[in-house]
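Breakdown of the fold
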Amino acid sequence: MSRSSVAYTAAAMGAESSDEDLMLLFAGGDVAAFDILYERHRGGVFRYLLRQCSDRAAMEELYQDIWMNLIQARSRYRVEAKFATYLYMLAHNRLMDHFRKQRGLHTVPLDDEDGEPLELAASAATQPDREAESHQQAGHFLHLVDALPQAQREVFLLHEEGGLGIDEIARATGADREAVKSRLRYALSKLRDGMKDYL
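Residues numbered from 1 in each chain as written. Predicted model: local features only at pLDDT ≥ 70, side-chain atom pairs only at ≥ 80, totals over all residues. Heavy atoms only, no water.

Our next topic: the pattern of salt bridges. Applying the stated criterion across every chain, the model contains 8 salt bridges. When the shortest N-O distance is used, the salt bridge between R42 and E39 registers 3.4 Å. Taken as a pair, R42 and E39 lie in helix α3 (residues 31-50) at a separation of 3 residues, close to a single helical turn. Take R42: its relative accessible area is 38%, and that puts it in the partly exposed class. (Salt bridge = Lys/Arg side-chain N within 4 Å of Asp/Glu carboxyl O. Helix = DSSP H or I, 4+ residues; strand = E, 2+ residues; numbered from the N terminus. Buried < 20%, exposed > 50% of the residue type's maximum accessible area, 1.4 Å probe, protein only.)

Packing of α3 against helix α4 (residues 56-72) brings their axes to within 11 Å, and their N-to-C directions diverge by 145°. Relative to α4, α3 is oriented so that their crossing is right-handed. Of the residues in α4, those in contact with F34, L37, Y38, H41, R42, V45, F46, L49 and L50 of α3 are R56, M59, L62, Y63, I66, W67, L70 and I71. (Axes fitted to C-alpha atoms, helices over the stretch in contact; angles between N-to-C directions. Left-handed = near helix turned anticlockwise from the far one by under 90°. Contact = heavy atoms within 4.5 Å.)

Each aromatic ring pair is described using two quantities: the centre-to-centre distance and the angle formed by the ring planes. Enumeration according to the criterion identifies 10 aromatic pairs in this entry. Both rings, one in Y38 and one in W67, keep their centres 4.9 Å apart while their planes meet at 70°; by these two values the pair is edge-to-face. With Y38 in helix α3 and W67 in helix α4, the pair connects residues that are 29 residues apart, well separated along the chain. Note on Y38: relative accessible area 23%, which makes it partly exposed. (Phe/Tyr/Trp six-rings, centres within 6.5 Å; stacked < 30°, edge-to-face > 60°.)

Encoded structure:
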């Protein structure tokens, strides 16, 4: 039996299928493959937008647009990078279009300052006597993320929510690799400094 005569579907491949394989299946007409991709990435894309767009109605419209853009682009999809890089490139481009229409782009000064990875203490939410403190810590952290300059916030969110590395973020945003690295260092340094009372 030839490979072409075997029906490969998302259901047959199961949940262990790579994002890239699922996107290729979707491009070939397998709607179930899109459903799996959506379930895997909807939360990350939603949080990526939520932390960057203060207008909830606009954010929800952007969220829908990103998924519609992915659906419309399915026939042009080629595996040239991780699917997540491709998806967050679509998200970045749509978000930048929104910012251009609303207020223009903000720039971030860069330098070579070294930073270390942010490591937060493990959550103590499971201990009732520390639940309030955990909520306060989480709220403070989200406030710090919101306060980051837009370019730093985006790089941080692509790294944390999208799971993208430096090279993948550079590809998704069209930014220089060193600029991405510097922005992430700045963001992590600011977040670490802001969370020092909790570390």
